[in-house]
Amino acid sequence: MSIELRDRFFVLSAGDAPAEEAARYRAEVDATDAEPAATVDGLDISWHPSARFKAVRFIDAERIDERVRELFARPSADAPYLAAVFVDPHELSFRTFENIVPLDRLFEDVPLEAELAERAEHADGVFSFSLRLPAEARARLERLDELKLYVPPLNAGSRGGERFIFHSALLAEALGAAVADALPPATAEGFSHVNPVFRCNRFEPGDANFHRHRDTPYFDAARRHISRYTVLLYLTGGTGSPALDLVGGAALSEIGDFTCVIFDQRYEHEGAPYRDGRKVFLRTELIFTADEVTEAPEIGELFSKACYLTGESVFAPELARHADAYYNQVAAAHWNGLGEGPTRETFVHKEFRGVHFVANGYDFWFAKSEELSLAECAAITLLDYFNCKLGDTAFRALCETEVIESDDAAWIPEFLSARRGGSVMTRVDKSAFFPEPERANNSICCPFHSSGGYDPTRHGEIIDLYTDAQSFAKAHILPAPILMLGEDVALDPDRFVIQDNLIHVLGKGALQPVNFAACWNDESIPEDYVVVAAKVGVAQFLVPPIIYAESDGCYHLTFDFFRNSWMVDHQRATIPIPRITEDQWADPEERSRAWRRYVDDSLVDDEHPLPPSDLWDDEEDDWDDEDD
């Protein structure tokens, strides 16, 4: 049944099926429950759609646990290394909204020498060129439309068509060299590179326009990089009315295939489908090195609100238009200063297990009470913004949510004062997860030589493995400010340092490398005796300080997640807690109990090392007890 659901999804995605058949399929999906098959980037994934897992994404199949990898479809014949996975849209946050597909492999074996010829200047800062490429490279670009990677865009309410997003450093490098040669010297001054993230857009005749908007500039303060020009590479040609309209600049009604349009991002623009065929084009941007860029905190505030409302639109679709309005205001502000925005502001009132708060993505308000600590308010803010999972459920799905529009925030203190709540988080002694091992008995050899009296808790080699496993688990658990124990949330108040009007959230530090050492005349191996005692979810954050103020009986927290002087990050992981089994013999047939099997390999790195495990090597061995 699940295989049928998986395969029918891609058949119906072609759009040729009758509406009744598609409706029956959606009903079957809604009636299907499924457990996650694996986890990638903190997202649970399924190999077929279900009532929970409805959003399709494409990832490198090598990133999927090899034990379930073959269950996932490879729908793109031209990119067979890409697997289709289904995720729960309620688990998405601003870090995972977009699915950026790795496509460098598509271009790695073809010549990519590019030339932008026949330059035409249509208005100030608006250029068009003819892109010349070797035939094989041109064919590879044309095949993008046939990869079957299109998904509905997040902003589907303000645009028609379909798109997918991909990354190709090879394509960006080739275009970058062509741009550097083709742009007028004054325009190219400070040019650094082409953004390697591309959006592949497809419109059919009759689709809705991509409504008037400005492209939001890319900005990296650390590298002094900023985008200034948008690049549109039309893989198909056609006519529109107009096909591209740059407000106050130029209007292009007829576009040839492999035309490249480069325009200043100050321009508002709108795109229409071709009247006479499919419109396929790539969008990226030119990145420049800026000598001086003035940071405007109020623009970051608006961008935080836009991203937050985009995530909330999964639960309240009407919020998508408010998010679009913020995005457009942000884009305009980068060039013209902060102008007039929406006359009314959008807020989200949430209730999480009795705690009420109001948020807009930048500001978070809580009713002040003796039971609810400031650290707990900061923790709820983090859980909400990053949409962390508690057990198997995303934080936002655990909240009761109400959208409220108002002229300002003056109503919030009185609103929350009637809805005070108590603490919803426990305190945890992390050292309780890591009991000291027994003292080693050096006379113990192995089960084979112990005549039924084998005690793994006293065996030196197993104790060494146990303490190494503890070191690994401690490195992830001890620094975590928030732990998820099933659906319960535990707070480590020592990781929230309150100083003046700032709440500093302490993150994970580096672990020093652990040195590992090995007569086992027995089919079991030492790792079989270190098993899982419990699983603890940890949430690690690398974020700027949270600013807070107390007024009118409220805690008012402000959190600028997009301050460019900070590298903002969040990691959610499940850490297995090791223990030594008291079994006198660990049956190799039950090797799935071993602690090492439950470690997410993405957490193993130079700072958090683990040696190669014998567990997988032994699976390939054929035990032969015959006479030698």
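The following paragraphs examine the structure supplied in this document. (Residues numbered from 1 in each chain as written. Predicted model: local features only at pLDDT ≥ 70, side-chain atom pairs only at ≥ 80, totals over all residues. Heavy atoms only, no water.)

### As for the overall build of the protein
Here is step 1: The secondary structure content of the protein amounts to twelve helices and 33 strands.
Here is step 2: Looking at the protein residue by residue over its 628 residues, the buried ones come to 52%.
Here is step 3: As displayed, the protein offers around 29,000 Å² of accessible surface, 46% of which is attributable to carbon and sulfur atoms. (Helix = DSSP H or I, 4+ residues; strand = E, 2+ residues; numbered from the N terminus. Buried < 20%, exposed > 50% of the residue type's maximum accessible area, 1.4 Å probe, protein only. Areas by Shrake-Rupley, 256 points an atom, 1.4 Å probe, with all protein chains shown as cover.)

### A closer look at helix α4 (residues 135-143)
Here is step 1: Listed in full, the buried residues belonging to α4 are Ala137, Arg140 and Leu141. Viewed end-on, α4 has its buried residues packed into an arc of 100°, placing them on one side of the element.
Here is step 2: Against α3 (104-107), α5 (169-182), β13 (225-234) and β18 (279-289) lie the buried residues of α4. (Arc of directions from axis to C-beta. Contact = heavy atoms within 4.5 Å.)

### Side note on a negative patch on the surface
Here is step 1: The grouping of Asp33, Glu35, Asp392, Glu487 and Asp488 at the surface amounts to a negative patch.
Here is step 2: Inspection of the secondary structure puts Glu35 in the loop between α2 (19-30) and β1 (38-40). (Patch = residues over 30% accessible without salt bridge, like charges linked within 9 Å, V, L, I, M, F, W, Y side chains within 5 Å. Salt bridge = Lys/Arg side-chain N within 4 Å of Asp/Glu carboxyl O. Lys, Arg positive; Asp, Glu negative; His and termini not counted. Charge placed at Lys NZ, Arg CZ, Asp CG, Glu CD.)

### What about the pattern of salt bridges?
Here is step 1: Inspection of every chain in the model, using the stated rule, returns 38 salt bridges.
Here is step 2: When the shortest N-O distance is used, the salt bridge between Arg8 and Glu4 registers 3.7 Å. In this pair, Arg8 and Glu4 both sit in helix α1 (residues 2-12), four residues apart, roughly one turn of the helix.
Here is step 3: Note that Lys305 is salt-bridged to Glu301, the shortest N-O span being 3.3 Å. Taken together, the residues Lys305 and Glu301, both in helix α7 (residues 297-312) and four residues apart, mark about one turn of the helix.
Here is step 4: A residue is classified by how much of its surface remains accessible, and Glu301, at 23% relative accessible area, is partly exposed.
Here is step 5: A network of salt bridges, in which partner residues are shared, links Asp44, Arg52, Asp88, Glu91 and Lys389.

### As for the environment of Lys279
Here is step 1: By the element assignment, Lys279 lies in strand β18.
Here is step 2: Given the relative accessible area of 3%, Lys279 is considered buried.
Here is step 3: Sequence spacing of Lys279 and Asn201 is 78 residues, and the spatial spacing of their C-alpha atoms is 7.9 Å.
Here is step 4: Contact partners of Lys279, with chain neighbours within four places excluded, come to Asn201, Arg202, Phe203, Tyr234, Thr236, Ala243, Gly271, Ala272, Pro273 and Tyr274.
Here is step 5: A polar contact is formed between the side chain of Lys279 and the backbone oxygen of Ala272, at a distance of 2.7 Å. (Polar contact = N/O pair within 3.5 Å; in protein donor to acceptor, adjacent residues only side chain to side chain.)

### What to know about the sheet that holds strand β4 (residues 82-87)
Here is step 1: With respect to topology, four strands assemble into an open sheet ordered β1-β2-β4-β3, the strand pairing being antiparallel. Since the sheet does not close on itself, it has two edges, and those belong to β1 and β3 (55-60), each with one partner. The mean inter-strand angle of the sheet, taken between neighbouring strand axes irrespective of direction, is 50°.
Here is step 2: As defined by bridge partners, β1 adjoins strand β2 (residues 43-46) across three bridges and the pair is classed as antiparallel. Looking across to β2, one finds that Ala38 is bridged to Ile45. (Pairing = 2+ DSSP bridges. Axes fitted to C-alpha atoms, helices over the stretch in contact; angles between N-to-C directions.)

### Observations concerning the packing of aromatic side chains
Here is step 1: Applying the stated rule across the entire model yields 21 aromatic pairs.
Here is step 2: Taken together, a centroid distance of 5.9 Å and an interplanar angle of 70° make the contact between Phe303 and Tyr327 edge-to-face. In this pair, Phe303 sits in helix α7 while Tyr327 sits in helix α8 (residues 319-336), placing the two residues 24 residues apart along the sequence.
Here is step 3: You can call Phe303 partly exposed: its relative accessible area is 24%.
Here is step 4: Centroid distance Tyr308 to Tyr385: 5.8 Å. Interplanar angle 25°. Geometry classified as stacked. One end of the pair, Tyr308, is in helix α7; the other, Tyr385, is in helix α9 (residues 374-385), with 77 residues separating them in the sequence. Of the two residues, Tyr308 and Tyr385, neither departs from the other in class, the shared state being buried.
Here is step 5: An aromatic cluster of at least three residues, connected via ring pairs, comprises Tyr150, Phe164, Phe166 and Phe198. (Phe/Tyr/Trp six-rings, centres within 6.5 Å; stacked < 30°, edge-to-face > 60°.)

### Here we look at the sheet that holds strand β11 (residues 210-213)
Here is step 1: The strand order across the open sheet built from four strands is β11-β17-β14-β15, with neighbouring strands paired in antiparallel fashion. Looking at the sheet topology across the chains shown, the edges are occupied by β11 and β15 (251-255). On average, each strand axis in the sheet is inclined to that of its neighbour by 15°, with strand direction left out of account.
Here is step 2: The pairing of strand β14 (residues 238-246) with strand β17 (residues 269-271) spans three bridges and is antiparallel. For Leu246, the partnering residue across the bridge sits in β17 and is His269.

### Looking at the nonpolar core
Here is step 1: If you look at the biggest cluster of nonpolar residues, it comprises 59 residues, and the most contacted ones within it are Leu103, Leu141, Leu144, Phe166, Ile262, Leu282 and Leu286.
Here is step 2: Ranked by residue count, the leading element in this core is α5, at seven residues.
Here is step 3: Not counting the four nearest positions on each side in its chain, Leu144 is found in contact with Leu103, Leu106, Phe107, Phe164, Phe166, Cys200, Leu235 and Leu282.
Here is step 4: Residues Ala306, Phe364, Leu383 and Leu491 belong to the second largest nonpolar core, which totals 51 residues. (Core = buried A, V, L, I, M, F, W, Y, C linked by side-chain atoms within 4.5 Å.)

### A short note on the environment of His349
Here is step 1: Relative to the elements of secondary structure, His349 occurs in strand β19 (residues 345-352).
Here is step 2: Judged by relative accessible area, which is 8%, His349 ranks as buried.
Here is step 3: Along the chain, His349 and Glu402 lie 53 residues apart, while their C-alpha atoms are 5.1 Å from each other.
Here is step 4: Not counting chain neighbours up to four residues away, the residues in contact with His349 comprise His356, Phe357, Val358, Glu400, Thr401, Glu402, Ile404, Phe415 and Arg419.

### Quick word on α5
Along an α-helix, residues three or four positions apart point the same way, because every turn accommodates 3.6 residues.
Here is step 1: If you check α5, its first and last C-alpha atoms are 20 Å apart, about what 14 residues at 1.5 Å a residue would give, namely 20 Å.
Here is step 2: Those residues of α5 lying buried are Leu171, Ala172, Ala174, Leu175, Gly176, Ala178, Val179 and Ala182. (Expected span 1.5 Å × (residues − 1).)

### Structural notes on unusual backbone geometry
Here is step 1: Omega for the bond connecting Ser241 with Pro242 falls within 30 degrees of zero, at -20°, which places this linkage in the cis form.
Here is step 2: Take Pro242: it is sitting in strand β14.
Here is step 3: Of note in the backbone geometry, Asn387 takes a positive phi value of approximately 50° without being a glycine.
Here is step 4: We note that Asp552 has phi near 55°; this positive angle belongs to a residue other than glycine.

### Structural notes on the side chain of Asn387
Here is step 1: Within the secondary structure, Asn387 sits in the loop between α9 and β22 (389-390).
Here is step 2: The class for Asn387 is buried, based on a relative accessible area of 3%.
Here is step 3: In this structure the side chain of Asn387 is engaged in a polar contact, spanning 2.6 Å, whose partner is the backbone oxygen of His90.
Here is step 4: Contacts of Asn387, omitting those with residues within four sequence positions, involve His90, Glu91, Leu92, Ser93, Leu382, Ala394, Phe395 and Arg396.

### Concerning the pairing of strand β27 (residues 488-491)
Here is step 1: The pairing of strand β25 (residues 426-427) with β27 spans two bridges and is parallel. From the neighbouring strand, Arg427 faces β27, where its bridge partner is Leu491.
Here is step 2: Of the strand pairs in this sheet, strand β26 (residues 482-485) and β27 are connected by four bridges, and their pairing is antiparallel. In the strand pairing of β27, Ile482 is matched with Leu491.

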